Structure formats: structure tokens, C-alpha cells
Amino acid sequence: MNNIYNTALMEHNAHPDYKYEMDDPTLQHEGVNPSCGDDIVLSLKLNGDVIEEAAFTGHGCAVSQASADIMADLITDETADNARHLCDLFLKMIRGEVTDDAELEELGEAAQLKGISLMPARVKCAELGWRTAMTMLDERLAAEGK
């Protein structure tokens, strides 16, 4: 866990499945990490309340790009509420607030990024995609009056 550059991170950085320009997204939001220059645009396509497709474009360090790809994979086919829950859980994990293995199981492959919590300078990089998704989903709920 102390080596943040694990297989999952390196594979998602080298071969991201969700890094592409999406046609006709339902929601789109830019996320920026000014401390190191990471910049992404996250796009979601919803079918009712289910995230049918997630994708991102942009640039940044290996941690931000891989974390965004892992996040997009995890929230695809989830309801917006469950995606918010998973994002919240990840953000708590990456800040060292959640360490319970049973809870972390919900994050699947994303739990492999837990070691980043030991490197404060990299936490914001890992959080970028997840915070961007939370912002989008929160704005959607506010617009719907929920």
C-alpha cells in the first residue's frame, strides 16, 4: 500500500478506457487542480437516474489521470445517488478517514489507491475526478430541487 504507483494506477494511466470526448453528455464539468496543473473535463450521460456513460478529457499527472479513469469505470451503470456515495467514500479513504476493509470493498479497484493518503501532495491529484463528479451530481440535485 505504500507504493502509490501500483499496477492498477499504472495500467489505467497507460491505457485509460474512459478518456475520450463524449457525444451529447447530459452533464459536463471542468475540474482543475491548480496546485499541480491537472485539468479534466468530466462528462456523464444519464438515462433517467442511471449513469449510462462516463468519460473525461484533459491532462495531468499519472495519479489524476488513472484515478479519473478508475472513477469513471466504477460509477458507470450506477445510480446518481450511489455514484455520489462511492465518490464520498473514495474521498474519505484518500484523506485517511475510512480504513475499514468492508467499506473499502465497495470501491473495488479504487481501493488500491488507498496508499496515496500517505502522500499529502498527491491527495488532490487523486481526488480531482471524484470531486468533479460530486460537484456535477450535487449541482444536478440542486437544479432538481432535491
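Residues numbered from 1 in each chain as written. Predicted model: local features only at pLDDT ≥ 70, side-chain atom pairs only at ≥ 80, totals over all residues. Heavy atoms only, no water.

Caption draft 1: Broad picture of the sheet that holds strand S2 (residues 38-47). If you walk across this open sheet you meet the 3 strands as S1-S2-S3, and the pairing is antiparallel. Only two strands of the sheet have a single neighbouring strand rather than two, namely strand S1 (27-33) and strand S3 (50-59). When the angles between neighbouring strand axes are averaged without regard to direction, this sheet yields 20°. Strand direction decides the pairing type here: S2 and S3, joined by 9 bridges, are antiparallel. Considered in S3, the bridge of Leu44 is made with Ala54. On top of the sheet, helix H5 (residues 120-143) reaches S1 and S2; it is set at about 145° to S1, its chief contact. (Pairing = 2+ DSSP bridges. Helix = DSSP H or I, 4+ residues; strand = E, 2+ residues; numbered from the N terminus. Axes fitted to C-alpha atoms, helices over the stretch in contact; angles between N-to-C directions. Contact = heavy atoms within 4.5 Å.)

Caption draft 2: Broad picture of the side chain of Asn33. Counting through the fold element by element, Asn33 comes out in strand S1. A relative accessible area of 2% places Asn33 in the buried class. A polar contact is formed between the side chain of Asn33 and the side chain of Ser35, at a distance of 2.6 Å. In this view, Asn33 contacts Asp38, Lys124, Cys125 and Leu128; residues no more than four positions away in its chain are not counted. (Buried < 20%, exposed > 50% of the residue type's maximum accessible area, 1.4 Å probe, protein only. Polar contact = N/O pair within 3.5 Å; in protein donor to acceptor, adjacent residues only side chain to side chain.)

Caption draft 3: Region of interest: the nonpolar core. Formed by 45 residues in total, the largest nonpolar core has its most connected members in Leu44, Phe90, Ile94, Leu107, Ile116 and Trp130. With sequence-adjacent residues up to four places away left out, Trp130 is seen in contact with Ser67, Ile70, Met71, Leu74, Leu86, Cys87, Phe90, Leu91 and Ala110. (Core = buried A, V, L, I, M, F, W, Y, C linked by side-chain atoms within 4.5 Å.)

Caption draft 4: Broad picture of the pairing of S1. Judged from the 7 bridges that link them, S1 and S2 form a sheet pairing that is antiparallel. By the bridge assignment for S2, Asn33 is matched with Asp38. Hairpin connection of S1 to S2: 4 residues between the antiparallel strands, including Gly37 at a positive phi of 90°.

Caption draft 5: Inspection of helix H2 (residues 62-75) at higher detail. Relative to the 20 Å expected for 14 residues at 1.5 Å per residue, H2 spans 20 Å between its end C-alpha atoms, a close match to the ideal helical length. Of all 14 residues in H2, 13 are buried; the element is thus mostly enclosed. At the C-terminal side of H2, Asp77 shows a positive phi close to 75°. (Expected span 1.5 Å × (residues − 1).)

Caption draft 6: View of the pattern of salt bridges. Following the criterion strictly, the structure yields 8 salt bridges and no others. In this structure, Glu53 engages Lys45 in a salt bridge whose closest nitrogen and oxygen atoms are separated by 3.8 Å. A relative accessible area of 22% means that Glu53 is categorised as partly exposed. Linking Arg140 and Glu144 is a salt bridge whose minimum nitrogen-to-oxygen distance equals 3.4 Å. Judged by its relative accessible area of 37%, Glu144 falls in the partly exposed class. In the salt-bridge network here, residues are joined through shared partners; they are Arg95, Glu97, Glu127 and Arg131. (Salt bridge = Lys/Arg side-chain N within 4 Å of Asp/Glu carboxyl O.)

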